[in-house]
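Residues per chain, in single letters:
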Amino acid sequence: MTSFAPDSIVLNRKLPLWYQVSQSLRASILGRSPRDPLRLPTEEQLAGHYGVSVLTMRQALKELEDEGLITRHRRRGTFIEPHVRRGAPVRLLGSVDAIVAQQSGMKAELLDHGTAPVPPELTEYFPDLAEAATYHRLRCDEKTGEPTNHARNWVRPELAARIDPDDLARRPMTKVLRDVVGVDISRITDTVEARLADPETARLLEVPLLSPILHYTGITYDTAGRVLDVAVIHYRGDRFSFTVTLDAT
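This section reports on the structure supplied with the text. Computed from a predicted structure; not experimentally measured.

What counts and what doesn't
- Residues numbered from 1 in each chain as written.
- Predicted model: local features only at pLDDT ≥ 70, side-chain atom pairs only at ≥ 80, totals over all residues.
- Heavy atoms only, no water.
- Phe/Tyr/Trp six-rings, centres within 6.5 Å; stacked < 30°, edge-to-face > 60°.
- Helix = DSSP H or I, 4+ residues; strand = E, 2+ residues; numbered from the N terminus.
- Buried < 20%, exposed > 50% of the residue type's maximum accessible area, 1.4 Å probe, protein only.
- Expected span 1.5 Å × (residues − 1).
- Arc of directions from axis to C-beta.
- Contact = heavy atoms within 4.5 Å.
- Salt bridge = Lys/Arg side-chain N within 4 Å of Asp/Glu carboxyl O.
- Pairing = 2+ DSSP bridges.
- Axes fitted to C-alpha atoms, helices over the stretch in contact; angles between N-to-C directions.

## Here we look at the packing of aromatic side chains
In the structure shown here, the tally under the stated rule is two aromatic pairs. Ring plane angle 85° and centroid distance 6.1 Å describe the contact between Trp 18 and Tyr 19, whose orientation is recorded as edge-to-face. Consider the rings of Tyr 216 and Tyr 235, whose centres lie 6.3 Å apart with planes at 85°: the pair is edge-to-face. One end of the pair, Tyr 216, is in strand β7 (residues 212-222); the other, Tyr 235, is in strand β8 (residues 227-236), and 19 residues separate them in sequence. A relative accessible area of 5% means that Tyr 235 is categorised as buried.

Laid out in structure tokens, this is it:
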């Protein structure tokens, strides 16, 4: 039987190892795809994966068991509870102009750009592509210079050929696609989730490893329903809030 594959992390020796492992495994479980298997690897395999002792791994698993995320069965193994799923998304309606306004107003540094294979978690959005153009940016507060988020965009190659990378230091990707490239955007689907900072995010945002962050995914569609761009953004949890205003009329 195939086992669920948890994410890897770099452990901070100043924090309890069992706690870091339990939080990393918890984030992997809550963020898993519905298609992922429910069975976890053995204690020994998980201990090797995280580079900790079996005793530390047992303590981490007990924390998750007490939380109701997993069940452990003698001789059968450890399983993710089937009912554990991501919370149902809240769907909100708004204009593309509102999203562009939210994305604007920050100083952005283009860290790198090029082409790369579409990662497995994004293949459903680009079923016809093996590779996509990528743009990685770090945004900072214009007044303090403090990093607030880092964003990675995956864009269809034929659109990327018409993008000047210098534009992305001054404008959000949505605005570049709409106003510079000239595509017709029909809708953008946003998802915001709580995550823990991985090593890259902790370094770029200058926060401790495993500190709370907000993980944003934005899917931009054209009028034919084709995905043009997928934006994956990690926001500092202490510098960003998600506010929704609903009109009751």
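## A closer look at helix α3 (residues 54-67)
If you check α3, its first and last C-alpha atoms are 20 Å apart, about what 14 residues at 1.5 Å a residue would give, namely 20 Å. Here α3 has its buried residues at Thr 56, Met 57, Ala 60, Leu 61 and Leu 64. Buried residues of α3 fall within an arc of 135° about the axis and therefore sit on the same side. Along α3, exposed side chains directed more than 90 degrees from the buried face belong to Leu 55 and Asp 66.

## Describing unusual backbone geometry
For Glu 206, which is not glycine, the phi torsion reads 60° and is therefore positive. You can see Glu 206 is positioned in the loop between α7 (199-205) and β7. Using a relative accessible area of 58% as the deciding quantity, one classes Glu 206 as exposed. Of note, the phi angle at Leu 210 is positive, near 70°, even though the residue is not glycine. Inspection of the secondary structure puts Leu 210 in the loop between α7 and β7.

## Structural notes on the side chain of Thr 134
Checked against the element boundaries, Thr 134 lands in strand β4 (residues 131-140). Discounting chain neighbours no more than four positions away, the residues touching Thr 134 are Asp 112, His 113, Gly 114, Ala 116, Asn 153 and Trp 154.

## Points about the environment of Leu 129
Residue position: Leu 129 is located in the loop between β3 (107-117) and β4. Sequence-wise, Leu 129 and Pro 157 are 28 residues apart; in three dimensions their C-alpha atoms are separated by 9.1 Å. The contacts of Leu 129, once residues within four sequence positions are left out, are Val 118, Arg 156 and Pro 157.

## Quick look at the pattern of salt bridges
Under the definition given, this model contains 13 salt bridges. We note a salt bridge from Arg 236 to Glu 146, for which the minimum N-O separation is 3.7 Å. You can see Arg 236 sitting in strand β8 and its partner Glu 146 sitting in the loop between β4 and β5 (147-155), a full 90 residues away along the chain. A relative accessible area of 25% means that Glu 146 is categorised as partly exposed. The partner of Glu 200 in a salt bridge is Arg 152, and the shortest N-O contact between them spans 3.3 Å.

## Observations regarding the pairing of strand β2 (residues 77-80)
With four bridges connecting them, strand β1 (residues 70-73) and β2 associate as antiparallel partners. Paired with His 73 across the strands is Gly 77, a residue of β2.

## Section: the sheet that holds β7
Pairing between the strands of a sheet comes from backbone hydrogen bonds, and it takes one of two forms, parallel or antiparallel. Pairing is antiparallel across the open sheet formed by six strands, whose spatial order is β3-β4-β5-β8-β7-β6. Here the strands that pair on one side only, and so sit at the sheet edges, are β3 and β6 (185-196). Each neighbouring strand pair of the sheet contributes to a mean axis angle of 15°, computed without reference to strand direction. In the sheet, β7 pairs with β8 via nine bridges, with the strands oriented antiparallel. In the sheet register, His 215 faces β8, and the bridge partner there is His 234. Across the face of the sheet, helix α6 (residues 173-181) comes into contact with β4, β5, β6 and β8 while running at roughly 170° to β6.

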